[in-house]
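Tertiary structure, described
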Amino acid sequence: MAPLTWTANFHTRGVNGCGEDYVVAKAPQQVPPPPHPEDVAAWADSQRAVHGGPTGVQITVQGRGSAAVVLDALHVRVVNRAAPAADRGIVYSLSDGCGAGIVPRYFSVNLDAHQPLARSVPGDNGSGTKIPAINFPYRVSLQEPEVLVVSSLNESCTCDWYLELAWSSEGRTGTVRIDDHGRPFRSTSTKGLKGYRYDRISYSPGRWVPIPAVNMEGNGGEG
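For every chain, the first residue of its written sequence is number 1, and the numbers climb from 1 along that sequence. Since the coordinates come from a predicted model, pLDDT governs what is reported: local features require at least 70, and pairs of side-chain atoms require 80 or more to be given and counted, while whole-chain, interface and lining totals use all residues. Values reported for side chains reflect all heavy atoms of the structure, with hydrogen atoms and water molecules removed beforehand.

Remarks on the overall build of the chain
The line we're drawing: Only DSSP runs of H or I reaching four residues or more are called helices, and only runs of E reaching two or more are called strands; each is numbered from the N terminus. Accessible area is worked out with a 1.4 Å probe on protein chains only. A residue is then buried under 20% of its type maximum, exposed over 50%, and partly exposed in between. Between two residues, a contact is recorded if the distance between any of their heavy atoms is within 4.5 Å.
For the chain, the count of helices and strands is one helix and 17 strands. Taken over 223 residues, the chain has a buried fraction of 45%. Considering only contacts in the chain between residues 6 or more positions apart, those separated by 24 or more positions represent 77%.

Description of helix 1 (residues 40–47)
We apply this condition: Working definition: the arc comes from the directions between the helix axis and the C-beta atoms, pointing outward to the latter.
Taken as a whole, helix 1 has its buried residues at Val 40, Trp 43, Ala 44 and Gln 47. Buried residues along helix 1 cover an arc of 95° about the axis, so they all sit on one side. Away from its buried face by more than 90 degrees, helix 1 exposes Ala 42 and Asp 45. Contact partners of the buried residues in helix 1: strand 2 (21–24) and strand 17 (207–211).

What to know about the side chain of Ser 189
Note the following rule: Here a polar contact is recorded for every N or O atom pair within 3.5 Å, except that within protein the pair must consist of a potential hydrogen donor and a potential acceptor, and residues adjacent in sequence are included only if both atoms are side-chain atoms.
Along the chain, Ser 189 falls in the loop between strand 15 (185–188) and strand 16 (195–199). In this structure the side chain of Ser 189 is engaged in a polar contact, spanning 3.0 Å, whose partner is the backbone oxygen of Glu 155. Beyond its immediate chain neighbours, meaning those up to four positions away, Ser 189 contacts Pro 84, Arg 88, Asn 154, Glu 155, Ser 156 and Cys 157.

Some words on the state of the cysteines
Disulfide: a covalent bond connecting the sulfur atoms of a pair of cysteines. Definition in use: Disulfides are defined as pairs of cysteine sulfur atoms found within 2.5 Å of each other.
In total, this model carries one disulfide according to the counting rule given. Cys 157 shares a disulfide with Cys 159; S-S distance 2.3 Å. Residues Cys 157 and Cys 159 are joined through a disulfide that is left-handed, its torsion about the S-S bond being -115°. Here Cys 157 falls in the buried class, since its relative accessible area comes to 1%. Note on Cys 159: relative accessible area 0%, which makes it buried.

Focus: the sheet that holds strand 4 (residues 55–63)
Quick reminder of the rule: For two strands to pair, DSSP has to find at least two bridges joining them. Helix axes are fitted to C-alpha atoms over the stretch in contact, other axes to C-alpha atoms as well, and angles between N-to-C directions run from 0 to 180 degrees.
Here five strands make up an open sheet; going across it, the order is 1-4-12-7-8 and the pairing mixed. Edge positions in the sheet fall to strand 1 (4–9) and strand 8 (118–120), since each of these pairs with one other strand and no more. Averaged over all pairs of adjacent strands, the angle between their axes in this sheet comes to 25°, without regard to strand direction. Summarising the sheet, strand 7 (residues 105–110) and strand 8 pair through three bridges and their orientation is antiparallel. When the bridges of strand 8 are listed, Val 109 appears paired with Ala 118.

Everything listed is a geometric property; what it means functionally is a separate question.
Okay, here's the thing in structure tokens:
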């Protein structure tokens, strides 16, 4: 048994707490309003929604006891890469403003790369305070957890992927697979798709209104 535990939230409020985009194969009149943050997973499942564009995964890692566990590396494994279908749907933005949160470690993954890497990047706690990029190793225990936020970027694929977290402790080494409750994470490109956001201010009741066509820019830099 690994000397650590982890949880992964694939339906986060985004890297800076601003909400994420989902691709849904339905017209706006058929899509319910954005849910409360704690209900996003159920909303996405009910709409058969796929994460679109930048996708945030928030991972909380904690030791099982007082002994320190060193987190040595985070590896990205893409198990399937396919070209996005032309009729895959419409982008629906669940953003309703940004908010402050806990201070995690930030990573960026370019799924378009032949061998994607999890790169440590600077972050923002949502209130304007910059968080520097600090790469592995990290140390966790039962009293000292770490939160890792991994943001995947892709503009050319629908990708199924998961993460492997390498650890060492008291002369032992190993890896744990981090995924979406036993399934790979799935992210798709939003390049060229129509986009909608939910307007609660101008309309009562609220409704989905068009936003400019989505044209995601990749972060490049990885071979």
